[in-house]
Amino acid sequence: MERTLSIIKPDGVGRGLIGEVVKRLEANDLTVKAMKMIRMSTTQAQGFYAVHKDRPFFGSLTEFMTSGPCVVMVLEGENAIERYRTLMGATNFKEAAEGTIRKDFATDIEKNVVHGSDAPETARFEIGYFFNSLEIVA
Ligand code: GDP
């Protein structure tokens with residue numbers, strides 16, 4: 001069993017895609033172990049995406065991530081990190097496989113509806129960024 005962090009980004013929440021995203025991950029045996037809606041401050045978004053701080057899109061990305069509420073979730077399942085990333089599709093929706101969340105709903109390389117951790121160490125950091133142990137069901 002493995003855990004990963006999922007975010008439904010402000011574009012996904014704003015367009016009414018919470019249910020659609022949750023339906024797809026539950027249909028694929030990814031169990032929601034924690035869930036909440038948050039509106040990140042600029043400092044919180046910059047901290048979350050600190051790994052990208054030198055990228056040209058950092059300012060735009062953090063502005064987008066603070067533009068509205070996000071739904072953050074801890075997902076659990078076998079090989080959850082990789083399986084959730086497969087469901088999400090490629091970062092650039094134009095390159096995403098058919099049937100993926102990003103292929104079906106993203107409108108832009110930045111406004112791509114969902115986030116998912118990309119490795120076990122990242123998942124640990126990202127889950128701890130938003131949830132304490134009491135907030136994650138056993
Ligand atoms: P992910 O792991 O698939 O989300 O992709 P990355 O970690 O590489 O990038 C983080 C997020 O930054 C992406 O999900 C996009 O929202 C955004 N992003 C990535 N590349 C670009 C880019 O070239 N331009 C802009 N504006 N945003 C980008």
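Structure's up top.
Rules behind the numbers
Sequence order sets the numbering: in each chain, residues are counted from 1 along the sequence as written. This being a predicted model, a pLDDT of at least 70 is required before a residue's local features are given, and a value of 80 or more before pairs of side-chain atoms are given or counted; all residues contribute to the totals for chains, interfaces and linings. Neither water nor hydrogens contribute to the side-chain values; these are computed over all heavy atoms in the structure. Residues are said to line a cavity or pocket when one of their atoms sits within 4 Å of a point; the points come from a 1 Å grid over protein atoms alone, cavities being sets where a 1.4 Å probe fits but cannot get out and pockets being open sets with protein on both sides within 12 Å along at least five of seven lines. Grid points are joined across faces, edges and corners, and a volume is the space filled by probe spheres set on the points. Runs of E in the DSSP output that reach at least two residues are strands. Runs of H or I that reach at least four are helices, and both are numbered from the N terminus. Polar here means any residue outside two lists: the nonpolar Ala, Val, Leu, Ile, Met, Phe, Trp, Tyr, Cys and Pro, and the charged Asp, Glu, Lys and Arg; Gly therefore counts as polar. Residue exposure (1.4 Å probe, protein chains only): buried if accessible area is under 20% of the type maximum, exposed if over 50%, otherwise partly exposed. Whether two residues are in contact is decided by their heavy atoms, any of which lying within 4.5 Å being enough. Proximity is defined per residue: if any heavy atom of the residue lies within 4 Å of a molecule or strand, that residue is considered near it. Polar contacts here mean pairs of N or O atoms no more than 3.5 Å apart (in protein, one a potential hydrogen donor and the other a potential acceptor; neighbouring residues in sequence count only if both atoms are side-chain atoms). In these tables, accessible area is a Shrake-Rupley quantity obtained with a 1.4 Å probe, and a residue counts as shielded only by the protein chains included in the view. Grid points define the cavity or pocket, and a molecule sits in it when more than half of its atoms lie within 2 Å of them.

Let's shift gears to the layout of surface pockets. Taken as a whole, the largest pocket spans an internal volume of roughly 560 Å³. Mapped onto the lining of the largest pocket, the elements with two or more residues apiece are helix H3 (42-48), helix H5 (80-88), strand E4 (114-116) and helix H7 (120-130). Each residue belonging to the lining of the largest pocket can be placed in one class, and the counts come to 10 nonpolar, eight polar and seven charged.

The next thing to look at is the environment of Val137. Relative to the helices and strands, Val137 is located in the segment after H7. Looking at Val137, the relative accessible area reads 46%, which means it is partly exposed. In the structure, Val137 is positioned 103 residues away from Ala34 in sequence and 6.5 Å away in space, judged by C-alpha atoms. If near-sequence neighbours (up to four positions away) are discounted, Val137 is found in contact with Arg3 and Lys33.

Okay, the site of the ligand next. Every residue near the ligand is listed here: Lys9, Tyr49, His52, Phe57, Leu61, Arg85, Thr91, Arg102, Ile109, Glu110 and Asn112. Within the contact set of the ligand, an oxygen atom lies 2.5 Å away from a side-chain nitrogen or oxygen of Thr91. Separating an oxygen atom of the ligand from a side-chain N or O atom of Asn112 is a distance of 2.9 Å. For the ligand, the protein covers 79% of the area, taking 550 Å² as the surface of the free molecule. When atom positions are compared with the pocket grids, the ligand is found to occupy the largest pocket. Broken down by class, the residue content of the shell around the ligand amounts to four nonpolar, three polar and four charged.

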